[in-house]
Amino acid sequence: MADPLLTVTNLETYYGPIMAIRGISFVVPERSVVTILGANGAGKSTILKTVSGVMDPQKGTVTFAGREIQGMDPDRVTRLGISHVPEGREVFPFLSVRENLMMGAFTRRDAAGVGEDLELVYSYFPVLRSRAEQRAGSLSGGEQQMLAISRALMARPRMMLLDEPSLGLSPRLVKEIFEIIARINRERGVTVLLVEQNANMALHIADYGYVLEVGRIVMEDTCARLLEKEDIKEFYLGMKESGVRGTRRWKRKKTWR
Amino acid sequence: MRSAHPGEDALDTILQLVLNGLAVGCIYGLVALGFVLIYKATELVNFAQGDLLMLGAFTCYMFVVWYGVGYWVALALAVALVALFGAVLDATILRRVIGQPQFSVVMLTIGLGAIFRSFASIAWGSEIYTLPTPFSARATRVAGVAVSHEYVSIIVGTVALCAVLYAFFTFTRVGLAMQAASQNQLAAYYMGIPVKLMFSLIWAISAGVAAIAGVLLAPVSLIDINLGFIGLKAFAAAVLGGFGSIPGALVGGVTIGLIELFSGAYLPQGFKDVAAYVVLLVVLAVRPQGMFGAIVRKKV
Ligand SMILES: Nc1ncnc2c1ncn2[C@@H]1O[C@H](COP(=O)(O)OP(=O)(O)OP(=O)(O)O)[C@@H](O)[C@H]1O
Ligand SMILES: [Mg+2]
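Residues numbered from 1 in each chain as written. Chains lettered and ligands numbered in written order. Predicted model: local features only at pLDDT ≥ 70, side-chain atom pairs only at ≥ 80, totals over all residues. Heavy atoms only, no water.

Engineer: How do you make sense of the packing of helix 6 (residues 173–183) of chain B against helix 8 (residues 195–217) of chain B when you look at a structure like this?
Structural biologist: Packed helix pairs are characterised by how far apart their axes lie and by the angle those axes make with each other. Residue and element names in this part refer to chain B. The contact between helix 6 and helix 8 brings their axes to 9 Å, and the two run at 105°. Classified by the interaxial angle, the pair formed by helix 6 and helix 8 is roughly perpendicular. Contacts between helix 6 and helix 8 involve V174, A177, M178, A181 and S182 from the first element and V195, M198, F199, L201, I202 and I205 from the second. (Axes fitted to C-alpha atoms, helices over the stretch in contact; angles between N-to-C directions. Helix = DSSP H or I, 4+ residues; strand = E, 2+ residues; numbered from the N terminus. Parallel < 35°, antiparallel > 145°, perpendicular 65-115°, else oblique. Contact = heavy atoms within 4.5 Å.)

Engineer: How should I be thinking about the packing of aromatic side chains in this particular structure?
Structural biologist: Aromatic ring pairs are reported here in terms of the distance separating the ring centres and the angle at which the planes meet. Summed over the entire model, instances satisfying the criterion amount to 20 aromatic pairs over all chains. With centroids separated by 5.1 Å and ring planes inclined at 80°, the aromatic side chains of Y71(B) and W72(B) adopt a geometry described as edge-to-face. By relative accessible area, Y71(B) is classed as buried at 10%. Since its relative accessible area comes to 55%, W72(B) is described here as exposed. Taken together, the aromatic side chains of F35(B), Y39(B), F47(B), F235(B) and F243(B) make up a single cluster linked through ring pairs. Here the guanidinium or amino end of R151(A) rests over the ring plane of F92(A), the centre of that ring lying 5.0 Å away. Over the aromatic face of F106(A) sits the side chain of R173(B), whose NZ or CZ is 4.2 Å from the ring centroid. (Phe/Tyr/Trp six-rings, centres within 6.5 Å; stacked < 30°, edge-to-face > 60°. Buried < 20%, exposed > 50% of the residue type's maximum accessible area, 1.4 Å probe, protein only. Lys NZ or Arg CZ within 6 Å of the ring centre and 35° of its normal.)

Engineer: Just checking my understanding: could you explain the pairing of strand 2 (residues 18–28) of chain A for this structure?
Structural biologist: A regular strand carries its side chains on alternate faces of the sheet. Residues and elements named next belong to chain A. In terms of strand pairing, strand 1 (residues 6–15) meets strand 2 through eight bridges, oriented antiparallel. Within strand 2, the residue paired with Y14 across the bridge is M19. Linkage of strand 1 to strand 2, two consecutive antiparallel strands, is achieved through a turn of two residues, within which G16 is found at a positive phi near 55°. (Pairing = 2+ DSSP bridges.)

Engineer: Please explain the packing of helix 3 (residues 71–97) of chain B against helix 8 of chain B as it appears in this structure.
Structural biologist: Residue and element names in this part refer to chain B. With their axes 7 Å apart at the nearest point, helix 3 and helix 8 run at an angle of 140° to one another. Taken together, the axes of helix 3 and helix 8 are oblique relative to one another. The chirality of how helix 3 crosses helix 8 is right-handed. Grouping the amino acids of the contact of helix 3 with helix 8 by side-chain chemistry returns 17 nonpolar, three polar and three charged. (Left-handed = near helix turned anticlockwise from the far one by under 90°. Nonpolar A, V, L, I, M, F, W, Y, C, P; charged D, E, K, R; others polar.)

Engineer: Would you explain the site of ligand 1 in this entry?
Structural biologist: All names here are of chain A. The environment of ligand 1 is made up of 13 residues, and the closest members are N40, K44, S45, T46 and E87. Here a nitrogen atom of ligand 1 and a side-chain polar atom of Y15 are 3.5 Å apart. The contact in question runs from an oxygen atom of ligand 1 to an N or O atom on the backbone of G43, over 2.9 Å. Taken by itself ligand 1 offers 630 Å² of open surface, and the protein chains cover 63% of this. (Near = heavy atom within 4 Å. Polar contact = N/O pair within 3.5 Å; in protein donor to acceptor, adjacent residues only side chain to side chain. Areas by Shrake-Rupley, 256 points an atom, 1.4 Å probe, with all protein chains shown as cover.)

Engineer: What's the story with the sheet that holds strand 5 (residues 67–68) of chain A in this structure? I'm lost.
Structural biologist: Strand pairs in the sheet, formed through backbone hydrogen bonds, run parallel or antiparallel to each other. Residues and elements named next belong to chain A. One open sheet accounts for four strands, arranged 2-1-4-5; its pairing is antiparallel. Sheet topology places strand 2 and strand 5 at the edges, where each strand pairs with a single neighbour. Those strands touched by helix 1 (residues 44–52) are strand 1, strand 2 and strand 4 (59–64), and its axis lies near 110° from that of strand 1.

Engineer: Can you walk me through the confidence of the model for chain B in this structure?
Structural biologist: One rule of thumb: low pLDDT means the predicted coordinates there are not for detailed reading. Residue and element names in this part refer to chain B. Residues at a pLDDT of 70 or more form 95% of chain B, whose mean pLDDT is 87. Mean pLDDT per element in chain B: strand 1 (residues 139–142) is the minimum at 76, and helix 8 is the maximum at 94. Of the regions scoring below 50 in pLDDT, residues 295–300 engages in 10 contacts with residues more than four places distant in sequence or in other chains. Both scores are available for the predicted complex, with the pTM at 0.85 and the ipTM at 0.83. (pLDDT = per-residue confidence, 0-100.)

Engineer: What should I look at first to understand the coordination of the magnesium ion (ligand 2) in this one?
Structural biologist: For a metal bound by four donors in tetrahedral geometry, the ideal donor-metal-donor angle is 109.5 degrees, whereas six donors in octahedral geometry ideally sit at 90 or 180 degrees. Residue and element names in this part refer to chain A. Around the magnesium ion (ligand 2), the protein contributes the donor atoms S45 (OG) and E87 (OE), which lie 1.8 to 2.4 Å from the metal centre. In this pair, S45 is assigned in helix 1 and E87 in the loop between strand 6 (82–85) and helix 3 (97–104), connecting sequence segments 42 residues apart. The class for S45 is buried, based on a relative accessible area of 14%. (Donors = N, O, S within 2.8 Å, 3.2 Å for Na, K, Ca; no water.)

Engineer: Even after reading the chapter, I still don't get the nonpolar core, so can you show me in this structure?
Structural biologist: What tends to happen in soluble globular proteins is that the nonpolar side chains get buried as a cluster. Of all hydrophobic cores here, the largest spans 100 residues; its most connected members are M103(A), L53(B), L131(B) and I193(B). Apart from residues lying up to four places away in sequence, L53(B) is in contact with I27(B), V31(B), A210(B), A211(B), A213(B), G214(B), L217(B), L227(B) and I230(B). Core analysis: the second largest hydrophobic core is formed by 50 residues, A136(A), I177(A), A199(A) and V211(A) among them. (Core = buried A, V, L, I, M, F, W, Y, C linked by side-chain atoms within 4.5 Å.)

Engineer: Can you walk me through unusual backbone geometry in this structure?
Structural biologist: In most cases, non-glycine residues show a negative phi, while peptide bonds are predominantly trans. Residues and elements named next belong to chain A. Despite not being glycine, R89 has its phi angle at roughly 65°, a positive value. Assignment of secondary structure puts R89 in the loop between strand 6 and helix 3. Of note, E90 is a non-glycine position whose phi angle comes to about 50°, a positive value. Secondary-structure assignment places E90 in the loop between strand 6 and helix 3. Among the residues examined, E90 registers a relative accessible area of 13% and is labelled buried.

Engineer: Which parts of the structure should I look at to understand the domain arrangement of chain A?
Structural biologist: Bring the parts together and some accessible area is lost; that lost area is often taken as the interface size. Residues and elements named next belong to chain A. Taken domain by domain, chain A comprises domain 1 (4–81 + 159–256) and domain 2 (90–156). Just the C-alpha atoms count here: the centres of domain 1 and domain 2 sit 24 Å apart. Each side of the interface is counted separately: domain 1 has 14 residues, and domain 2 has 14 residues. The junction of domain 1 with domain 2 conceals about 1300 Å² of combined surface from both sides, 75% of it contributed by carbon and sulfur atoms. Interface area lost by domain 1 to domain 2 is led by M160, I180 and R188, which between them contribute 34%. Between D117 and R188 there is a salt bridge, with its nearest N and O atoms 3.8 Å apart. Counting across the domain 1 and domain 2 interface gives one residue pair in polar contact (both at pLDDT 80 or more). Only strand 7 (159–163) and helix 7 (171–188) provide two or more residues apiece to the side of domain 1 that touches domain 2. Sort the elements by how many residues they give to the side of domain 1 that touches domain 2 and helix 7 lands first, with eight residues. (Domains from an automatic or database assignment. Buried area = accessible area lost by both parts, 1.4 Å probe. Salt bridge = Lys/Arg side-chain N within 4 Å of Asp/Glu carboxyl O.)

Okay, here's the thing in structure tokens:
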């Protein structure tokens, strides 16, 4: 197999004195969908922030397309082809939907290509076309999530980092969004690194999965095999109510070590 | 002999007051706009905004009177230099204090203002100067009212400048990116927008606008190192407009300009200088978010 598009080795990231990521390594092969599962506070968002350059790691390397990018400014990382869809959407509330999308294409100079991609994201999410002139802040949560994904797509990235795209969405919308993510991967060849608590959805669209616990990777396998594992079934698939998941996890957590 | 139409004089006075009030208000509005642009982007309140206006007026004066440069070229040079100075201030000093307590930032910008004033008195002296302009001491009679070109130039200049700024922020890629960086800095980073550069550009625009205001103001006021104290009233205008609203800053400026001139004409001596603050108090008591203030807070 060729070199993976993204290779992370022995990454350590701190918030002040707090070590959020405790020496993590993983790879994301080109054109694949890789997921990182983990409960609240496991460090999922921190990993994505470190990859996209919003946070600098204390140790370790992030290699993207053969180039070390750890500690690089986020706007440079974006220019290299990584688009980050942050947790909580983070749209520009007072810009229109269309203006938000154009900001996603900020680093691009090919007006024709940008126009094509605008049509493309409108075809993925027709509701955005009908809301094109509306302020993004007035969209519903689900629409904002569609906008955040579309805005990242407007950069025509090689790789997308998706931070809990299903958060706060209805089950139907979650399904719809995951279908679009799978299509983006399949049709556009975009490599996807997906961070999720909704393990069921994530494991069904991803090829390979890592399980993160308190800043460490405790398990990794193909998603087909992860879906069969008892621990995964119990802690990530069995429980529908997310509130219970956190407390139950602690009782059995040692089985993974 | 009394005038045949006693009402005409009163009307004439009122029209003059409206014209002059609008003009002075435009200056407040332009300086207030600078406050608001910087505040929206970086959450810093730049109390040196008025002193940037003073630097703009002095720089233009220097080019016109000392070096014999034409008015329009001098204006362009003054705006460019002060704008560049604003960007450098941001990149070297103010960027470091983002996130520090608001109080230290306020002290810092007040201190910078004092430094600019003493720089001005060293560079240009502490005398009082008059800037000769194409509009100086000329007037046209419109329907019996003498309309001074100096005041009209301020109003026309402000309207034109606002139109240009509006078009820039709404229709250009960089203008939109500045808005985006002001609304959600983190997301702007994710889009690959060079946020720090955008903030320096916002400082450049705010400083450039202040410089234009200074040059527009010069023919109706005299230039001295304390010209920048006008910034205090502009600050009141920004607060009146809701501090964070650009139309609010302009409307706030014009409101304060009109109130000031009318209270100067019709109220006992001394009211002129406090009228603006009295109105500010009243408006804030009734509508604490200012005239145009939004209830929704921006995401930081
Ligand atoms: N700004 C911060 N300052 C200090 N500690 C933080 C900060 N952000 C996150 N942390 C800590 O770092 C750890 C990992 O946080 P992170 O946001 O990466 O978790 P997560 O896996 O994304 O969780 P969630 O599923 O709730 O989004 C947590 O223990 C959290 O408390
Ligand atoms: Mg998170």
